[in-house]
Amino acid sequence: MLQGSCKRIGILMASFAIAFLAAGCGTSMETITFSPGKKPVVVTLDSRDSFSLSNAGGTILVRQKGKIMLQGAFITKDIFEQTKAKLHETNLVTIYQEEAERVVYDQVGPKGVESRFLLRISDTDTYVLFASWLPREAAERVLDKLSFKEGD
């Protein structure tokens, strides 16, 4: 009788271990579809570590434990180009990366230094300006949790 109980406990423990490991192997993703222009854009967030994604009137909000870590606004190609050109006209900006379709920079404002990311969603005509009060490296890690895809 004791041997049968031990065997059942062993099977039960193995089942819990398998369930626990399987739960940890999956990824947690949140997806929201935005309609910034002619075609919708599907934004997906890796929501592990208590991150969440929301749509606030067309603005992309990424929160961690309720606190806004990153926010993004869809912009036109014209605004993208104008913003990119104006970055060189002020001494309140530090540019860290500048490519044809992506600019990473800090901008000093009345509330302090804001990390900003100006980018084109690859293979689309959609552009986004992201901003964060986090230091640039931390804000980039949050941005890296996002992925974009043009919808149908």
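This is a predicted model, so every value here is computed, not measured. (Residues numbered from 1 in each chain as written. Predicted model: local features only at pLDDT ≥ 70, side-chain atom pairs only at ≥ 80, totals over all residues. Heavy atoms only, no water.)

(A) Quick look at the pairing of strand β1 (residues 29-34). Relative to strand β2 (residues 41-46), β1 runs antiparallel, the two sharing six bridges. In the strand pairing of β2, Ile32 is matched with Val43. (Pairing = 2+ DSSP bridges. Helix = DSSP H or I, 4+ residues; strand = E, 2+ residues; numbered from the N terminus.)

(B) Spatial organisation of the sheet that holds strand β5 (residues 67-75). Reading across the sheet, the seven strands line up as β3-β4-β5-β9-β8-β7-β6 and stay open at both edges, with antiparallel pairing between neighbours. Each having just a single partner strand, β3 (51-56) and β6 (93-99) make up the two edges of the open sheet. This sheet shows a mean twist of 20° between the axes of neighbouring strands, independent of strand direction. Where β3 lies against strand β4 (residues 59-64), six bridges are found, and the strand directions are antiparallel. The partner of Ala56 across the bridge, within β4, is Thr59. Running at roughly 135° to strand β8 (residues 112-120), helix α2 (residues 77-86) makes contact with β5, β6, β7 (102-109), β8 and β9 (127-132) of the sheet. Set on the sheet, helix α3 (residues 136-143) makes contact with β3, β4, β5, β6, β7, β8 and β9; between it and β8 the angle comes to about 35°. (Axes fitted to C-alpha atoms, helices over the stretch in contact; angles between N-to-C directions. Contact = heavy atoms within 4.5 Å.)

(C) Up close: the environment of Thr59. Inspection of the secondary structure puts Thr59 in strand β4. Looking at Thr59, the relative accessible area reads 23%, which means it is partly exposed. In this structure the C-alpha to C-alpha distance between Thr59 and Pro36, which are 23 residues apart in sequence, comes to 9.7 Å. Those residues within four positions of Thr59 in sequence are excluded, and the remaining contacts are Phe34, Ser54, Gln71 and Gly72. (Buried < 20%, exposed > 50% of the residue type's maximum accessible area, 1.4 Å probe, protein only.)

(D) Spotlight on the pattern of salt bridges. Evaluation of the coordinates by the stated rule reveals seven salt bridges. Two residues, Lys39 and Glu150, come together in a salt bridge whose shortest N-O distance is 3.8 Å. One end of the pair, Lys39, is in the loop between β1 and β2; the other, Glu150, is in strand β10 (residues 146-150), with 111 residues separating them in the sequence. By relative accessible area, Lys39 is classed as partly exposed at 46%. Within this structure, Arg102, Arg136, Glu137 and Glu140 form a network of salt bridges that share partners. (Salt bridge = Lys/Arg side-chain N within 4 Å of Asp/Glu carboxyl O.)

(E) Main features of the sheet that holds β1. Spatial strand order, β1-β2-β10: three strands in an open sheet with antiparallel pairing. Single-partner strands in this sheet number two, and they are β1 and β10. Averaged over neighbouring strand pairs, the angle between their axes works out to 20° when direction is ignored.

(F) Local environment of the nonpolar core. Of all hydrophobic cores here, the largest spans 21 residues; its most connected members are Ile60, Val62, Phe130 and Leu146. Those elements that place two or more of their residues in this core are β2, β3, β4, β5, β8, β9 and α3. In this structure, Leu146 is in contact with Val43, Thr44, Leu45, Leu53, Val62, Leu70 and Phe130, ignoring residues within four places of it in sequence. Ranked by size, the runner-up nonpolar core spans eight residues in total, among them Phe80, Tyr105, Leu118 and Tyr127. (Core = buried A, V, L, I, M, F, W, Y, C linked by side-chain atoms within 4.5 Å.)

(G) The arrangement of the packing of aromatic side chains in detail. Using the criterion set out here, one finds three aromatic pairs in the structure. Centre to centre, the rings of Phe80 and Tyr127 are 4.7 Å apart; their planes meet at 40°, and the pair counts as tilted. One end of the pair, Phe80, is in helix α2; the other, Tyr127, is in strand β9, with 47 residues separating them in the sequence. No difference in accessibility class separates Phe80 from Tyr127, as the two residues are buried. Ring centres of Phe130 and Phe148 lie 6.1 Å apart, and the angle between their planes is 50°; this geometry places the pair in the tilted category. Placement of Phe130 in strand β9 and of Phe148 in strand β10 is noted, with a sequence separation of 18 residues between them. Taking NZ or CZ as reference, Arg136 lies 3.6 Å from the ring centre of Tyr96, over its face. (Phe/Tyr/Trp six-rings, centres within 6.5 Å; stacked < 30°, edge-to-face > 60°. Lys NZ or Arg CZ within 6 Å of the ring centre and 35° of its normal.)

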